[in-house]
Amino acid sequence: MRQLRRMRPASAYIDQSQFDREMAAHFLSGWVGVGRSEDLPETGSFVQRSIAGEKLLLVRGPDQIRAFHNVCRHRGTQLCSQGRGHFVGSIQCSYHAWTWGLDGRLRAAPHFSEDDGFRLEDFPLHSPECAQWGGHLFVNLSKNPAPLEDGLGSVMKKFAPWPMENLRIGHTICYDVAANWKLIIQNYSECLHCPTVHPALARLSHYMTGDNEPATQFYLGGTMKLNDGVKTMTMSGESNRAIFSSLGEYDRRHIYYYALIPNMLLSLHPDYVVSYTLWPKAPNRTEIVCDFQFDPVEMRCPGFSAMDAVEFWDLTNRQDWRVSELSQLGMNSLSYMPGPYSIREGLLAAFDEIMIKALDGV
Ligand code: FES
Ligand SMILES: [Fe+2]
């Protein structure tokens, strides 16, 4: 007889101390999705990100994109308060004018000299590891992290047929969801709720076609089949966009839904890709940035519109955020007791185990 597995206690979703430990275990130690490389269109472009309270600047230099802690090496002043913008050739602290190149090397520090034993090369901006895959940017705040490929190598191989690196953002939506970040991932990782929560989705793809890959500590996910006659996930199931020519037969008929731990959701369609980055703000609050990406050749076609995909997923996502918020609310009740997982919620139980194990070390 199968042993029923159960949800975790409410503390996993409402306690500040648990939340802080998760931030240390996953967001300050793992590869965190921080957006698309096209967010930094030219040399000097920067965006600011906050990972578990750590302020970071992502900066495109002439050779590559780097991440820097937004902290002056002189007296710790925050270097930049803008969310995004453009550095003209250098990054300068507004306090005493220490100045770094776009590569993070210190170029000037007024009133310090080698005669005092001061060396510019001793004070580069602190620069955590930054990696790219398929145009997605990742940052890892731990010291000497294992390469991104070590955890995501098999996903990279599986998704190689999608020309992700060449895709461009056609639309972005930001959401502020009153739910724990893990509830968002858990909701994304089962389709048992589709018939009740998502009538529009249920017309395009049957929830019982969901087929999951065994979870790893780096990702979990699976596929759902498009119904006969449905081309892609839009309100009508139709699209005037071409299907990516590099896709094989299976990939043309299935949607891939993958959660990259800790904070990225990736939905691959035959003609577009949606990526989400989750930004936990509190045990009961998560900001979500949702980017819709398309083939730039299609985007240049007369009559191109992202909105058929956007309308469908905005509706569906809001339905998901709503039930996640309701789950969060229920967990505050004294009556809450962890309920059982069905056989079609196996990824959620696996995710729980990954989360519990990760907390062992913090
Ligand atoms: S604190 Fe930045 S230059 Fe002094
Ligand atoms: Fe859903």
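Residues numbered from 1 in each chain as written. Chains lettered and ligands numbered in written order. Predicted model: local features only at pLDDT ≥ 70, side-chain atom pairs only at ≥ 80, totals over all residues.

## Comments concerning the overall build of the protein
When helices and strands are counted, the protein shows 10 helices and 17 strands. Projected onto the principal axes, the alpha-carbon positions of the protein cover approximately 75 × 55 × 30 Å. Buried positions account for 38% of the 362 residues belonging to the protein. Within the protein, contacts between residues at least 6 apart in sequence are counted, and of these 64% link residues at least 24 apart. (Helix = DSSP H or I, 4+ residues; strand = E, 2+ residues; numbered from the N terminus. Buried ≥ 20, exposed ≤ 12 C-beta atoms within 10 Å, placed from the backbone. Contact = placed C-beta atoms within 7 Å.)

## Points about the domain arrangement of the protein
For the protein, the domain assignment lists domain 1 (31–140) and domain 2 (153–359). Taking only C-alpha atoms, the centre of domain 1 and the centre of domain 2 are 32 Å apart. With 10 residues of domain 1 at the interface, the matching set in domain 2 holds 14 residues. No other element matches the 5 residues that strand E1 (residues 31–36) contributes to the side of domain 1 that touches domain 2. In the side of domain 1 that touches domain 2, the residues fall into 3 nonpolar, 5 polar and 2 charged. (Domains from an automatic or database assignment. Nonpolar A, V, L, I, M, F, W, Y, C, P; charged D, E, K, R; others polar.)

## Section: the sheet that holds strand E15 (residues 264–268)
Pairing within the open sheet is antiparallel, and its 7 strands lie in the order E11-E17-E16-E15-E14-E13-E12. Two strands bound the open sheet, and with one partner strand each, they are strand E11 (168–177) and strand E12 (211–213). Going across the sheet, the axis of each strand differs from the next one's by a mean of 15 degrees, ignoring polarity. Where strand E13 (residues 219–225) and strand E14 (residues 254–260) come together, 7 bridges link them in antiparallel fashion. Among the inter-strand pairings, Gly221 is bridged to a residue of E14, identified as Tyr258. (Pairing = 2+ DSSP bridges. Axes fitted to C-alpha atoms, helices over the stretch in contact; angles between N-to-C directions.)

## Description of the nonpolar core
Core analysis: the largest hydrophobic core is formed by 85 residues, its most contacted members being Leu58, Val59, Val139, Ile184 and Ala259. Structurally, this core is a two-domain feature, drawing no fewer than three residues from each of domain 1 (31–140) and domain 2 (153–359). With residues near it in sequence (within four places) discarded, Val59 still touches Phe46, Ile65, Arg66, Phe68, Phe87 and Leu102. (Core = buried A, V, L, I, M, F, W, Y, C linked by C-beta atoms within 7 Å.)

## Quick look at the sheet that holds strand E7 (residues 99–101)
The 3 strands are arranged E6-E7-E8 in an open sheet whose pairing can be described as antiparallel. Here the strands that pair on one side only, and so sit at the sheet edges, are strand E6 (90–92) and strand E8 (106–108). Averaged over all pairs of adjacent strands, the angle between their axes in this sheet comes to 35 degrees, without regard to strand direction. With 2 bridges joining them, E7 and E8 adopt antiparallel strand pairing. Residue pairing in the sheet places Thr99 in a bridge with Ala108 of E8.

## Regarding the pairing of strand E4 (residues 65–69)
Most of E4 sits out of view: 4 of its 5 residues are buried. In this sheet, E4 lies alongside strand E3 (residues 54–60) in antiparallel orientation, the contact comprising 5 bridges. Residue pairing across strands places Leu56 opposite His69, the latter belonging to E4. In this structure, the hairpin formed by E3 and E4 is closed by a connection of 4 residues.

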